[in-house]
Amino acid sequence: MKIYGHVNSRSTRALWAAEEVGASYEYESIDLMGGAARREPYISINPGGKVPALVEGELVLTESAAICNYLANRFPEASLLPKEGSKERALVDRWSYFAMTEMDAPLWTLTKHKMIYPEGKRVPAIIDVAIGEFARSVQLLEKGLGAQEFIVGSRFSVADLLLGHCLSWAKAFQVPIDSDIVMAYAKRLWARPALVRARAREMA
Ligand SMILES: N[C@@H](CCC(=O)N[C@@H](CS)C(=O)NCC(=O)O)C(=O)O
């Protein structure tokens with residue numbers, strides 16, 4: 001199994017999941033800034049020119065959330081996903097989609113308008129709108145968490161991984177996380193040994 005990624009990007013999610021499930025994998029760093037993702041040989045792996053990608057035999061999988069789900073399903077003993085068809089699974093899916101659409105999306109919008117787009121294409125006003133959308137999501141996450149340790153019951157799942165990654169992205173971009181409950185939750189997730197190992201692997 002091989003994971004292609006770039007340090008401090010969405011590929012951290014894939015490495016984190018691989019470490020959580022104890023998968024043995026090769027890691028290849030793709031130089032995003034140098035344009036390696038948009039050239040051969042990587043562009044044949046992901047025609048979208050983005051990381052992460054996971055390759056295992058015939059399978060070529062992109063989209064960080066799909067890769068995390070694949071790893072969870074491939075290594076069921078790690079229990080990162082509740083049984084398909086269960087109420088717990090429905091809730092984990094709900095929070096995974098929430099992470100991708102209500103947290104990842106505004107963070108990606110503000111990141112593009114802060115540093116990805118050429119200066120002439122950036123619209124500074126959009127950054128404030130995205131920060132406002134993210135703040136609403138933090139409030140909703142706080143309600144969802146209540147006094148729980150994880151977002152669904154007492155077990156760490158793919159949803160926590162995706163939410164934890166979005167929260168670390170927010171912190172890196174100084175986007176306020178205005179909730180003690182959410183901050184305490186984020187710190188629990190960031191301290192997980194699997195994430196520490198994933199970050200060390202992508203830095204090596
Ligand atoms: N929805 C995709 C987004 C992937 C994505 O945008 N990755 C960024 C790094 S975080 C990238 O490779 N950007 C390079 C580019 O847009 O050219 C996922 O979750 O995997």
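Calculation notes
- Residues numbered from 1 in each chain as written.
- Predicted model: local features only at pLDDT ≥ 70, side-chain atom pairs only at ≥ 80, totals over all residues.
- Near = placed C-beta within 6 Å.
- Nonpolar A, V, L, I, M, F, W, Y, C, P; charged D, E, K, R; others polar.
- Domains from an automatic or database assignment.
- Contact = placed C-beta atoms within 7 Å.
- Helix = DSSP H or I, 4+ residues; strand = E, 2+ residues; numbered from the N terminus.
- Axes fitted to C-alpha atoms, helices over the stretch in contact; angles between N-to-C directions.
- Parallel < 35°, antiparallel > 145°, perpendicular 65-115°, else oblique.
- Buried ≥ 20, exposed ≤ 12 C-beta atoms within 10 Å, placed from the backbone.
- Expected span 1.5 Å × (residues − 1).
- Pairing = 2+ DSSP bridges.
- Right-handed = clockwise from strand over helix to strand, strands pointing away.
- Left-handed = near helix turned anticlockwise from the far one by under 90°.

Draft legend 1. The site of the ligand, seen in detail. In the vicinity of the ligand, the contacting residues are Ser9, Arg10, Leu32, Ala37, Gly49, Lys50, Val51, Pro52, Glu63 and Ser64. Of the residues belonging to the shell around the ligand, the class tally is 4 nonpolar, 3 polar and 3 charged.

Draft legend 2. Representation of the domain arrangement of the protein chain. Each assigned domain of the protein chain is listed with its residue range as follows: domain 1 (2-79 + 195-203) and domain 2 (87-192). Just the C-alpha atoms count here: the centres of domain 1 and domain 2 sit 20 Å apart. Listed by partner, the interface residues are 10 residues for domain 1 and 9 residues for domain 2. Listing elements by their share of the side of domain 1 that touches domain 2, those giving two or more residues are helix H1 (11-21) and helix H3 (64-74). Each residue belonging to the side of domain 1 that touches domain 2 can be placed in one class, and the counts come to 6 nonpolar, 3 polar and 1 charged.

Draft legend 3. Broad picture of the packing of helix H5 (residues 124-145) against helix H7 (residues 180-190). At a closest axis distance of 8 Å, the pairing of H5 and H7 adopts a crossing angle of 75 degrees. Considering their axes alone, H5 and H7 lie roughly perpendicular with respect to each other. Contact with H5, carried on its side by Val138, Leu141, Glu142 and Leu145, involves Ile181, Val182 and Tyr185 of H7 and no other residues of that element. Looking at the contact of H5 with H7, its residues break down into 6 nonpolar, no polar and 1 charged.

Draft legend 4. The environment of Tyr42, seen in detail. By secondary structure assignment, the location of Tyr42 is in helix H2 (residues 42-45). Given 21 C-beta atoms within 10 Å, Tyr42 falls into the buried group. Those residues in contact with Tyr42 that lie beyond four places of it in its chain are Tyr4, Ile30, Ala36 and Ala37.

Draft legend 5. Spotlight on the environment of Ala147. For Ala147, the location among the structural elements is in the loop between H5 and helix H6 (158-172). Along the sequence, Ala147 and Glu63 sit 84 residues apart, while their C-alpha atoms lie 31 Å from each other.

Draft legend 6. Main features of H6. Look at H6: 21 Å from first C-alpha to last across 15 residues, which is about the 21 Å you get at 1.5 Å a residue. Buried residues dominate H6, accounting for 12 of its 15 residues. Regarding H6, the residues found buried are Val158, Ala159, Asp160, Leu161, Leu162, Leu163, Gly164, His165, Cys166, Leu167, Trp169 and Ala170. Where H6 is buried, its residues meet H1, H3, helix H4 (87-116), H5 and H7. Phi turns positive, to about 50 degrees, at Gln174, one or two residues after H6.

Draft legend 7. Molecular detail of the environment of Met203. Here Met203 is to be found in helix H8 (residues 193-203). For Met203 and Phe134, which are 69 residues apart along the polypeptide, the C-alpha to C-alpha distance reads 28 Å.

Draft legend 8. Representation of the pairing of strand E2 (residues 26-29). One ladder, built from 4 bridges, connects strand E1 (residues 2-5) with E2; its direction is parallel. Considered in E2, the bridge of Lys2 is made with Glu26. The parallel pair E1 and E2, bridged by H1, forms a crossover whose chirality is right-handed.

Draft legend 9. Fine view of the sheet that holds E2. Within the open sheet, the 4 strands sit side by side as E2-E1-E3-E4. Their pairing is mixed. Of all strands in the sheet, those with a lone pairing partner are E2 and strand E4 (59-62), marking the two edges. Pairs of neighbouring strands in the sheet enclose a mean axial angle of 20 degrees, with direction left out of account. Relative to strand E3 (residues 53-56), E1 is paired through 3 bridges, and the arrangement is antiparallel.

Draft legend 10. Structural context of the packing of H1 against H8. Viewed as axis vectors pointing N to C, H1 and H8 meet at an angle of 125 degrees, and their least axial separation amounts to 8 Å. In terms of orientation, H1 and H8 fall into the oblique class. In this structure, H1 meets H8 at a crossing whose hand is right-handed. Two secondary-structure elements touch here, H1 through Thr12, Leu15, Trp16, Glu19 and Glu20 and H8 through Ala194, Leu195, Arg197, Ala198, Arg199, Arg201 and Glu202. Grouping the constituent residues of the contact of H1 with H8 by class yields 5 nonpolar, 1 polar and 6 charged.

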